[in-house]
Amino acid sequence: MTKIPVGISSCLLGHEVRYDGAHKYHSYIERTLGQYFEFRAFCPEVEAGLGIPRPCVQLRETAPGVIRCVGVKDHGFDVTERLEQASAKQADWLAELCGYILKKDSPSCGMERVKVYKNDIPARCGTGIFAGFIQRRFPYLPIEEEGRLGDPALRENFIQRVFVLRRWRELTEAGLNVHGLMSFHSRHKLIAMSHDQNQARALGRLVADANAANLTEIADAYLAALMACLKVVATRGNHVNVLQHIQGYLKLKLDSDAKQELVETIEAYRTGLLPLIVPLTLLKHHFRREPDPFIDQSFYLSPHPAELALLNAI
C-alpha cells in the first residue's frame, strides 16, 4: 500500500525545532502510524524565521476579540503576521494531504484549548495561528492533536477519516462520474450511519440527486458533508444499530444457534462487556461463509488495517 500523505508538527517526529531547541518525539506516531502515513514535517515558527532557540511566544487578547501571538516576556515582540504569512505559503502542499497531526497547546499549532492571556489571566479558548489557517482553508481535512490520540475513540475517529479521505482522493484522481460517486457512498454508508444517522440519510439524498450536469457541485457538497459527519465520534448505540442492520442480511442464512450467538455478542458489546472488534469479527466469519454483495463492498467491517488494532479498545 502506498503510504498516505499526512502533515505533522516537526517536533513530534523528534526534530529539535522547539523554542528551547528541544523536541516532543511521539513514538506511537512515528513507529506505528509511520507504517501507513508518509509524514510531511513542518514547523511554522521556524518557517517564519523565528530561529532556534527563540523567544517563547503566547496568544494574548490585545483588544476585544483581537488575538495576537506575542513574546511571553516582551509583549511588543509580535509575530502574528509572520506566522500568518508563513502559513499561507504552505497552501499548495497542504492541499495534497489526507490529514494533519498537530502539537497540542502550541500558540502556532494548537488545534483547540490553547491558552489565551487577557490581563495576564489565561483562558483555554484559543487556536494556534497555523492550526487556525488549516481549519479555515481546508475545513474537510482530518486534524488531530498528539495528546488526543491517546483516547481510543478519538484515535480511531481520526485515522478512519484519513483513510476515507484517501479513498476519496483516489476516486477523484481516477475520474469522478455519477456511478463512482454512488458506489463510494454505498461502500461508506454504514460507516456514516455509525457516526450520525441523520447526516448519513442526508448524504444518501444528496447522492440520489447527482447527475452529469451537477456532478461537480454535488461531489463538493458530498465531501464536505461526509467529513463533517465522520468528525462526529461514533457512539456505541449507533454501532449497535449498524451491527443489527448488518445482522438482518443473515436472517435467512444462519441457524438458530448462530443467530442467538450473534445477538448475544452484539448485546455484550452494547453493555460494554466486549470491544467492537468482537462482533465485527463474528460477522466477518459469517459473511465469509454466506457472502453478500453489499456487505462485501462495504468498508464498515474493515475500515482500516487490522494491524492498527483501533477497534480493540472501543
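Note that this is a predicted model, so its numbers are computed, not measured.

Thoughts on empty space enclosed by the protein
Part 1 of the argument: If you walk through the whole model with that rule in mind, you get one cavity of 30 Å³ or more.
Part 2 of the argument: Computed from the structure, the largest cavity encloses a volume of approximately 50 Å³.
Part 3 of the argument: As for the largest cavity, its lining consists of Glu156, Gln160, Ile191, Ser194, His239, Leu276, Leu280, Tyr300, Pro303 and Leu311.
Part 4 of the argument: Residue composition of the lining of the largest cavity, grouped by class: six nonpolar, three polar and one charged.

A look at the layout of surface pockets
Part 1 of the argument: By volume, the largest pocket amounts to about 500 Å³.
Part 2 of the argument: Lining the largest pocket we find 29 residues, and of these Arg18, Val57, Asp105, Ser106 and Pro107 sit closest to its centre.
Part 3 of the argument: Of all the secondary-structure elements, those providing two or more residues to the lining of the largest pocket are helix 2 (44-47), strand 3 (57-63) and strand 6 (114-118).
Part 4 of the argument: Across the lining of the largest pocket, the residue classes break down as 15 nonpolar, five polar and nine charged.
Part 5 of the argument: Its volume calculated, the second largest pocket comes out at about 290 Å³.
Part 6 of the argument: Lining the second largest pocket are 18 residues, and of these Pro139, Leu141, Ile143, Arg161 and Lys231 lie nearest its centre.
Part 7 of the argument: Looking at the lining of the second largest pocket, the elements with two or more residues in it are strand 8 (143-145), helix 6 (152-175) and helix 9 (215-231).

Some details on the packing of aromatic side chains
In this description, an aromatic ring pair is defined by two values, namely the gap between the centres and the angle between the planes.
Part 1 of the argument: Considering all chains together, one arrives at 10 aromatic pairs under this definition.
Part 2 of the argument: With centroids separated by 6.0 Å and ring planes inclined at 85°, the aromatic side chains of Phe37 and Phe39 adopt a geometry described as edge-to-face. Across this residue pair, the class does not change: Phe37 and Phe39 are buried.
Part 3 of the argument: Here the aromatic rings of Tyr100 and Phe130 are separated by 5.7 Å at their centres, their planes lie at 70°, and the arrangement is edge-to-face. Linking Tyr100 in strand 5 (residues 100-102) with Phe130 in helix 5 (residues 129-137), this pair joins segments that are 30 residues apart in sequence. Each member of the pair, Tyr100 as well as Phe130, carries the same accessibility label: buried.
Part 4 of the argument: Among the aromatic residues, ring-to-ring pairing joins Phe42, Trp93, Tyr100 and Phe130 into one connected group.
Part 5 of the argument: Here the guanidinium or amino end of Arg155 rests over the ring plane of Tyr28, the centre of that ring lying 5.7 Å away.
Part 6 of the argument: The residue whose ring lies beneath Arg236 is Tyr269, and the NZ or CZ to ring-centre distance is 4.6 Å.

Digging into the sheet that holds strand 4 (residues 66-71)
Part 1 of the argument: Strand order across the open sheet formed by four strands is 4-3-6-7, with mixed pairing between neighbours. Looking at strand neighbours, the two that pair on one side only are strand 4 and strand 7 (121-126), the edges of this open sheet. Pairwise comparison of adjacent strand axes, ignoring direction, gives a mean angle of 45° for this sheet.
Part 2 of the argument: Across six bridges, the pairing between strand 3 and strand 4 is antiparallel. The partner of Glu61 across the bridge, within strand 4, is Ile67.

A few points about the side chain of Arg167
Part 1 of the argument: By secondary structure assignment, the location of Arg167 is in helix 6.
Part 2 of the argument: It is Glu170 that comes nearest to the buried, bridge-free Arg167 among opposite-charge side chains, at 6.8 Å.
Part 3 of the argument: With residues up to four places along the chain from it excluded, the contact list for Arg167 reads Phe184, His188, Ile191, Phe299 and Pro303.

Calculation rules
Numbers given for residues are sequential positions, taken from 1 along each chain in its written order. Only residues with pLDDT of at least 70 are given local features in this predicted model, and only at 80 or more are side-chain atom pairs given and counted; all residues enter the totals for whole chains, interfaces and linings. Based on all heavy atoms of the structure, the side-chain values leave hydrogens and waters out of the count. Any residue with an atom within 4 Å of a point lines the site, the site being either a cavity, points on a 1 Å grid over the protein atoms alone where a 1.4 Å probe fits but cannot get out, or a pocket, an open set with protein on both sides within 12 Å along at least 5 of 7 lines. Grid points are joined across faces, edges and corners, and a volume is the space filled by probe spheres set on the points. Residues were grouped as follows: Ala, Val, Leu, Ile, Met, Phe, Trp, Tyr, Cys and Pro as nonpolar; Asp, Glu, Lys and Arg as charged; and all remaining residues, including Gly, as polar. Strands are runs of DSSP state E lasting at least two residues, helices are runs of H or I lasting at least four, and both sets are numbered from the N terminus onward. Only centres within 6.5 Å qualify two rings of Phe, Tyr or Trp (six-membered ring in Trp) as a pair; their planes then separate them into stacked at under 30 degrees, edge-to-face at over 60, and tilted for everything else. Buried, partly exposed and exposed residues are distinguished by accessible area as a fraction of the type maximum, computed with a 1.4 Å probe on protein chains only: under 20%, between the cut-offs, and over 50%, respectively. Whether a charge sits over a ring comes down to the Lys NZ or Arg CZ being within 6 Å of the ring centre and within 35 degrees of the ring normal. In this description, strands pair whenever DSSP reports at least two bridges between them. Each axis is a line fitted through C-alpha atoms, taken for helices only over the stretch in contact, and angles between the N-to-C directions span 0 to 180 degrees. We score Asp and Glu as negative and Lys and Arg as positive, and we do not count His or the chain ends. In what follows, salt bridge is the name for a side-chain nitrogen of Lys or Arg lying within 4 Å of a carboxyl oxygen of Asp or Glu. Any pair of residues with heavy atoms lying within 4.5 Å of one another is described as a contacting pair.

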